[in-house]
Amino acid sequence: MIRFLFILLISLSLTLRGQENHITDFAQTITKQELMELLYIYASDYFEGRKTGSKGQKIAVDFLRYHYMNLNIQAAQGTNNYFQEMTLKVDGKMVSTENVAAIIEGSEFPDEYIILTSHLDHIGIEGGQINNGADDDGSGTVTMLEIAEALQIGLENGFRPKRSIVFLHVTGEEEGLLGSAYYTENPLYPMAQTIVNLNIDMIGRNDLLHESDEEYLYLIGSDILSQDLHDISISINKRYSNLDLDFRYNDPLLKVYERGRYYANEYYYRSDHYNFAKNDIPVIFYFSGTHEDYHLPTDTVEKINYPLLTKRARFIFHTLWELANMEDRIRLNSKKKNLNIDKNGR
């Protein structure tokens, strides 16, 4: 019902005002209430912490598949009804698991692909306690679902992106980025035609460095392979969002403070975007930092900052829309950054 009302109101708005503000209208369909409703389901005990290959992870992928089916967004090619199936080694055992993949095909450049990712899994049950992973990565998962809905509402109002957008929920991140590695080794769409990966992993809270400056977001990797991607992010933020974009972790020499001590900065390597970056695909890792509940049963839904999650999600939507509708695809840097990171500090 809420979605129907949004479509009706937007249709009236477009009729009255033309195309000038239609992108903002679609972004506004990403709401605090819907993000909260989705996350209270996805990070509930019923999903049993979503450990790769577990019953709870199977419940999670069914939930995601149903969401795309309900939105009338088609399954990605090469999937079994949205599932990219695989067998992975988890805790010394081989388990069956799956990525979930859907697509909105582009109107002018349908063979150029933007891949939006978040990881669908978490660490399951430990010591008899369920790790619900509300922030890690429930926040990224529900953000993707809301962005997909906003794009589909745009489509239903006559605004199809020029490039194809793939929604890829990957499994096995907590086991070593395994689901995204499987995708890049067995891509559903050509890697050579994949122009960018936008990866959303933990954007629902604040870290200790931003206790008094909550309207921020880390962008990691944005300038490492494509300065165009970095510049577009800054421009879109000024135009629509006015977040404090924090690029500090693009510096490989900057130490990371986690759990009471400093570590070597390995964030560029620690989420699913890295498997795309290894293949010279420009990436952004959207991240709000770790916190005291990281990988603990206390990473729960009531601790998410929903107004801020909404603002961050809308910013990612605007960036995605810009990348999908540019006349020319973003360019790779002619010279790669030096990322000689000391990995012995962790």
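These numbers were taken from a predicted model, which means no experiment stands behind them.

## Side note on the overall build of the protein chain
For step 1, the next point in the chain: For the protein chain, the count of helices and strands is nine helices and 13 strands.
For step 2, the next point in the chain: For 346 residues, the compact-globule estimate of 2.2 N^0.38 gives 20 Å, and the C-alpha radius of gyration of the protein chain, at 19 Å, lies within 12% of that figure.
For step 3, the next point in the chain: Taken over the C-alpha atoms alone, the protein chain extends approximately 55 × 45 × 40 Å along its principal axes.
For step 4, the next point in the chain: Of all intrachain contacts in the protein chain linking residues separated by at least 6 positions in sequence, the fraction that spans at least 24 positions is 80%.
For step 5, the next point in the chain: Side-chain charges in the protein chain split into 33 positive and 50 negative, and the spacing between the mean points of these groups amounts to 3 Å.

## Some points on the confidence of the model for the protein chain
For step 1, the next point in the chain: Scored by pLDDT, the protein chain has a mean of 92; 92% of the residues are at 70 or more.
For step 2, the next point in the chain: When pLDDT is averaged over each element of the protein chain, strand β7 (residues 163–170) comes out on top at 99 and helix α1 (residues 2–17) at the bottom at 52.
For step 3, the next point in the chain: Segment residues 341–346 is flagged for pLDDT under 50; beyond a separation of four residues in sequence, or across chains, it makes 14 contacts in the model.

## Here we look at the packing of aromatic side chains
For step 1, the next point in the chain: Following the criterion strictly, the structure yields 20 aromatic pairs and no others.
For step 2, the next point in the chain: Their ring planes at 35 degrees and their centres at 5.7 Å tell us that Tyr68 and Phe167 sit as a pair that is tilted. Of this pair, Tyr68 sits in helix α4 (residues 55–71) while Phe167 is found in strand β7, placing the two residues 99 residues apart along the sequence.
For step 3, the next point in the chain: You can call Tyr68 buried: its relative accessible area is 0%.
For step 4, the next point in the chain: Members of the aromatic cluster, each reached through a chain of ring pairs, are Tyr216, Tyr218, Tyr249, Tyr267, Phe285 and Phe287.
For step 5, the next point in the chain: Directly above the ring of Phe83 sits Arg65, whose terminal nitrogen or CZ lies 4.0 Å from the centroid.

## Regarding the environment of Thr31
For step 1, the next point in the chain: Positionally, Thr31 belongs in the loop between α2 (22–27) and α3 (32–42).
For step 2, the next point in the chain: Each C-alpha atom, one on Thr31 and one on Arg314, is 8.9 Å from the other, the two residues being 283 residues apart in sequence.

## Overview of the pairing of strand β9 (residues 216–220)
For step 1, the next point in the chain: With five of five residues buried, β9 is to be regarded as a mostly interior element.
For step 2, the next point in the chain: Burial along β9 is two-sided: the face carrying Tyr216, Tyr218 and Ile220 and the face carrying Leu217 and Leu219 are both buried.
For step 3, the next point in the chain: Here β9 pairs with strand β10 (residues 244–246) via three bridges, running parallel. When the sheet's bridge partners are listed, Leu217 is paired in β10 with Leu245.
For step 4, the next point in the chain: As a crossover connection, the stretch from β9 through helix α7 (residues 227–241) into β10 is right-handed.

## Some words on helix α6 (residues 178–185)
For step 1, the next point in the chain: Where α6 is concerned, the buried positions are Gly179, Ser180, Ala181, Tyr183 and Thr184.
For step 2, the next point in the chain: Taken together, the buried residues of α6 touch β2 (83–90), β3 (93–104), β4 (109–119), β7 and α8 (273–277).

## With respect to the nonpolar core
For step 1, the next point in the chain: In terms of nonpolar packing, the biggest core is built from 66 residues, with Phe167 and Tyr286 touching the most fellow members.
For step 2, the next point in the chain: Ranked by residues supplied to this core, first place goes to helix α9 (residues 306–325) with eleven residues.
For step 3, the next point in the chain: Look past the residues within four positions of Phe167 in its chain and what remains in contact with it is Tyr68, Ile73, Val100, Ala101, Ala102, Ile103, Ile104, Leu116, Met144, Ala148 and Leu151.

## Re the pattern of salt bridges
For step 1, the next point in the chain: In total, this model carries 14 salt bridges according to the counting rule given.
For step 2, the next point in the chain: Residues Lys51 and Glu175 are paired through a salt bridge, measuring 3.2 Å at the closest nitrogen-oxygen approach. A residue pair is termed long-range when its members are at least 10 positions apart, and Lys51 in the loop between α3 and α4 and Glu175 in the loop between β7 and α6 qualify at 124 residues.
For step 3, the next point in the chain: Owing to a relative accessible area of 24%, Glu175 belongs among the partly exposed residues under this scheme.
For step 4, the next point in the chain: Across the pair Lys311 and Glu215 runs a salt bridge whose closest N-O atoms are separated by 2.6 Å. Pair noted here: Lys311 is in helix α9 and Glu215 is in the loop between β8 (194–200) and β9, with a separation of 96 residues, a long-range link.
For step 5, the next point in the chain: A residue is classified by how much of its surface remains accessible, and Glu215, at 34% relative accessible area, is partly exposed.
For step 6, the next point in the chain: Each of Arg205, Glu292, Asp293 and Lys303 takes part in one network of salt bridges that share partners.

Rules behind the numbers
Residues numbered from 1 in each chain as written. Predicted model: local features only at pLDDT ≥ 70, side-chain atom pairs only at ≥ 80, totals over all residues. Heavy atoms only, no water. Helix = DSSP H or I, 4+ residues; strand = E, 2+ residues; numbered from the N terminus. Rg over C-alpha atoms; globule rule 2.2 N^0.38 Å. Contact = heavy atoms within 4.5 Å. Lys, Arg positive; Asp, Glu negative; His and termini not counted. Charge placed at Lys NZ, Arg CZ, Asp CG, Glu CD. pLDDT = per-residue confidence, 0-100. Phe/Tyr/Trp six-rings, centres within 6.5 Å; stacked < 30°, edge-to-face > 60°. Buried < 20%, exposed > 50% of the residue type's maximum accessible area, 1.4 Å probe, protein only. Lys NZ or Arg CZ within 6 Å of the ring centre and 35° of its normal. Pairing = 2+ DSSP bridges. Right-handed = clockwise from strand over helix to strand, strands pointing away. Core = buried A, V, L, I, M, F, W, Y, C linked by side-chain atoms within 4.5 Å. Salt bridge = Lys/Arg side-chain N within 4 Å of Asp/Glu carboxyl O.

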